[in-house]
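# Examining the three-dimensional arrangement
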Amino acid sequence: MPDNWGFYERRAGGEQLRVLVNTVYKGDEPAAEYPELLSITVNLYPVRDQSKNRRQFIAQLEELESKLESWLENGSGAIYAGRINAATRLEFYYYLPADRPEEEAVRAWLLEHWPHRAQCYVKPDPAWEFYRYLLPDTLEELFVHNAQMIYALIHKGDQIAQPRNVYHWLLFREDEDRLAMERVLEKQGYVIEKEKESKPEQDYPYPLVISKFEDVKLDTVNARVRELHRLLADRDGRYDGWGAVMRLSPAKRFRRYVRRRKESAHLALRRVLSWRCSQSNQNETSKH
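Predicted model only: the values in this text are computed from it and were never measured.

The next thing to look at is the sheet that holds strand β4 (residues 79-85). Spatially, β1-β2-β4-β5-β3-β6 is the arrangement adopted by the six strands of the open sheet, whose pairing is antiparallel. Looking along the sheet, the strands with just one partner apiece sit at the ends: β1 (5-12) and β6 (118-124). Each strand of the sheet is rotated relative to its neighbour by a mean of 20 degrees, with strand direction disregarded. With eight bridges joining them, strand β3 (residues 36-43) and strand β5 (residues 89-96) adopt antiparallel strand pairing. By the bridge assignment, S39 is partnered in β5 with Y93. Sheet contacts for helix α2 (residues 54-76): β3, β4 and β5; angle to β5, the most-contacted strand, approximately 10 degrees.

Structure follows, in structure tokens:
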């Protein structure tokens, strides 16, 4: 079964947690075959102190994660459920089969492959309760989508720190709730986008499109979505996503322009060649 990773941020116990979870098992946990939970906690202080820079710090943790995953999955068929990154620690979570490696084997592996402090324990979790704790709730699902969208923008060369009009789509069951929300949002600095189209749904037939001029960094978008989600909860509404025009660097814009010109030229050349081929075939037909 292919993995399906989701990333989001969660506030819990006064801490800001960054959670990565493999959502592929949502609603279909193989609990009977993997009844025990392995937790490995890495203390981040010594890693940070001995790293020359942030890049080296992250590279060390990524290397540990990759080696650990390879050893546990290939050696015992363990399932990597997810990880939690807090300010002072990094936690990895795996579900283990009945013939799992002993805790001592995991500790020995860590001593051999990791030079810093780390703790591990195995405990029964036949109902996969901790996995369900890792899964995102309704708001966190929106954060997962935000992270995926912003990663795609970065991958395409978007300068996410550049402000632009960011549009948000809202849906309501009742028109009076939509009108009331318009008044609230206008007072909070949103622009009501009357000309923007939004497709109504059967259960939510009253759409509303709004915008704000700001960047599309993950913290900014998550804060905006959190605010709108809270406001909608009081008015029987639903948040339906966001969008924005890309902001590319001058170099990226130039390369895109050149690429499009090349594509247009190639398309025009293919059309000319196709027309000439067609004319040649017609001439040959008329001779016969």
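Another point: the nonpolar core. Core analysis: the largest hydrophobic core is formed by 45 residues, its most contacted members being Y95, L170 and L185. Looking at this core element by element, the count peaks at seven residues for helix α5 (residues 138-155). Beyond its immediate chain neighbours, meaning those up to four positions away, Y95 contacts Y34, E36, L37, A78, I79, A81, D125, W128, E129, F130 and Y131. Counting residues in hydrophobic clusters, the runner-up holds 22 residues, among them V42, L64, A78 and L90.

Right, let's talk about helix α3 (residues 103-113) for a bit. Those residues of α3 lying buried are V106, W109 and L110. Along the axis of α3, the buried residues cluster in a sector spanning 100 degrees; they form a single face. The exposed set on the far side of α3, more than 90 degrees from its buried face, consists of E104, L111 and E112. Lining the buried residues of α3 we find β3, α2 and β6.

This part covers unusual backbone geometry. Positive phi, close to 55 degrees, is recorded for W128, a residue that is not glycine. Judged by its relative accessible area of 0%, W128 is buried. Even without being a glycine, D236 presents a positive backbone phi close to 50 degrees.

How each quantity is defined
- Residues numbered from 1 in each chain as written.
- Predicted model: local features only at pLDDT ≥ 70, side-chain atom pairs only at ≥ 80, totals over all residues.
- Heavy atoms only, no water.
- Pairing = 2+ DSSP bridges.
- Helix = DSSP H or I, 4+ residues; strand = E, 2+ residues; numbered from the N terminus.
- Axes fitted to C-alpha atoms, helices over the stretch in contact; angles between N-to-C directions.
- Contact = heavy atoms within 4.5 Å.
- Core = buried A, V, L, I, M, F, W, Y, C linked by side-chain atoms within 4.5 Å.
- Buried < 20%, exposed > 50% of the residue type's maximum accessible area, 1.4 Å probe, protein only.
- Arc of directions from axis to C-beta.

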